[in-house]
Amino acid sequence: MPLLEALHGEAMSKEALEKYDFNAISIATLASHSSLQIFRGAKQEGFRTVAIVVENRLWFYKQFKHLIDYFIVLRSWRELCRRDVVEELKKLSAVIVPHGSYVEYVGLECAESIEVPIFGLRKLFRVEADQWAKMKLLQEAGIPTPRLYKVGEEIDRLVIVKLPGAKGGRGYFLAKNSKEVLEGLRKRVEEGLLNSLEEAMIQEYLFGVPAYYHYFYSPVLDRVEMLGADIRYETNIDGLKRLPPKFSIELDLEPTFVVVGNIPLVLRESLLPKVLEYGVRFVEATKRMLPPGAIGPFCLESIIGEDMEIRVFEFSGRIVAGTNIYVNGSPYSYLYWDEPMSTGRRIARELKMAIEKGVLEKVVT
Ligand code: ATP
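Each value, and the rule that gives it
- Residues numbered from 1 in each chain as written.
- Predicted model: local features only at pLDDT ≥ 70, side-chain atom pairs only at ≥ 80, totals over all residues.
- Heavy atoms only, no water.
- Near = heavy atom within 4 Å.
- Polar contact = N/O pair within 3.5 Å; in protein donor to acceptor, adjacent residues only side chain to side chain.
- Areas by Shrake-Rupley, 256 points an atom, 1.4 Å probe, with all protein chains shown as cover.
- Helix = DSSP H or I, 4+ residues; strand = E, 2+ residues; numbered from the N terminus.
- Nonpolar A, V, L, I, M, F, W, Y, C, P; charged D, E, K, R; others polar.
- Domains from an automatic or database assignment.
- Pairing = 2+ DSSP bridges.
- Axes fitted to C-alpha atoms, helices over the stretch in contact; angles between N-to-C directions.
- Contact = heavy atoms within 4.5 Å.

A.B. asks: So what exactly am I meant to see when it comes to the site of the ligand here?
C.D. replies: Near the ligand lie 19 residues; those nearest to it are Lys162, Tyr172, Tyr212, Glu234 and Glu314. Between Tyr212 and the ligand, the recorded distance is 2.3 Å, taken from a side-chain N or O atom to an oxygen atom. The protein chains hide 91% of the 620 Å² of surface that the ligand would expose on its own. Elements represented by at least two residues in the shell around the ligand include exactly β6 (159–162), β8 (201–204), β10 (223–236) and β13 (310–316). When the residues that make up the shell around the ligand are grouped by side-chain class, the tally is nine nonpolar, three polar and seven charged. Two domains share the shell around the ligand, each providing at least three of its residues, namely domain 2 (147–204) and domain 3 (209–356).

So this is what it looks like as structure tokens:
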């Protein structure tokens, strides 16, 4: 059973596409997150680029105007769906590349219903916004995931409690039993970080090392590529390692998981078959549950345990910021392409191939 039916915006974007000049397609994205990589990749592949930017960031992105052909300046990101902005994008024959901040900045409603073609599967935005639907998709794919608990359920091990919405780990906490879970949740409701206790997701805390895999599914070539991997550098959990344990115990320090950057990771080769298998399974599950299925970049976020078991606690259906490490290609992207191929450039290459083969509808929704 598909998770979601086709969206209104999807049909409207197809309508817009019919009026596009296929010889002058431009690549548009919000000036944030991984946009510089996206613009550079688009330029490398010969596309025009459009930066949708908020006023106070314009000066910064102007430093990179050799990568940007048009600026659409907004007072707030939420203005993206304003009629005149949409018309301007259509006039530029723009395809929007959604990145990790897209839905968070413009809101789910605008993100999925905008009448401009989107590179990727717009249906996936709604699934990504729902922590449970997200985990269900991973389970359907047959990818190992941490055990999930309901609020009030007996808890027999260390758990991580997650708040809804992509907040980069803000407000998350660890707990050892159901009493600690309830106390932590009530505090967060009081702080306004949560509306109701049931909104939180309780996951078994996985021991091991974090590893994030960057994939790209090409509908044109019908293959899943592994374009890179990274580790997130998170405060204060990564900083706590620098502190002798007796201080963190004495000071009663709580670990937090706010991302400050990304560190490159090259995996031992014997892990690669499993990593790629999970990427392929993810794509197949999206094809079954959310037809036509994933398009372009996505990321599986995992912990690798002592037994080399990979368990995935989260995914992103869009380009992740960890790919910014590989603006000039990664050790894996070289194996496929033998040229500097960032994820940003790979998006543009896919668009180019789709246009050349006359199958643009395979990569935009
Ligand atoms: P983003 O949207 O940036 O991916 P997020 O708000 O969705 O962030 P998660 O990625 O789910 O947050 O988790 C933040 C961090 O918490 C992870 O990078 C990881 O360090 C840790 N973490 C999350 N889930 C688990 C788990 N089940 N076991 C151990 N650590 C976890």
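A.B. asks: What is the right way to read the sheet that holds strand β11 (residues 257–264) from this model?
C.D. replies: The strands making up a sheet are joined through hydrogen bonds of the backbone, oriented either antiparallel or parallel. Reading across from one edge, β11-β10-β9-β12-β13 is the order of the five strands in this open sheet, with antiparallel pairing throughout. This sheet does not close on itself; its edge strands, each paired only once, are β11 and β13. Each strand of the sheet is rotated relative to its neighbour by a mean of 35 degrees, with strand direction disregarded. The sheet contact formed by β10 and β11 spans seven bridges and is antiparallel. Bridge assignment links Tyr233 to a residue of β11, and that residue is Gly261. Those strands touched by helix α8 (residues 131–140) are β12 (296–304) and β13, and its axis lies near 130 degrees from that of β13. Helix α12 (residues 272–289) rests against β9 (209–218), β10, β12 and β13 of the sheet, and its axis sits at about 55 degrees to β9.

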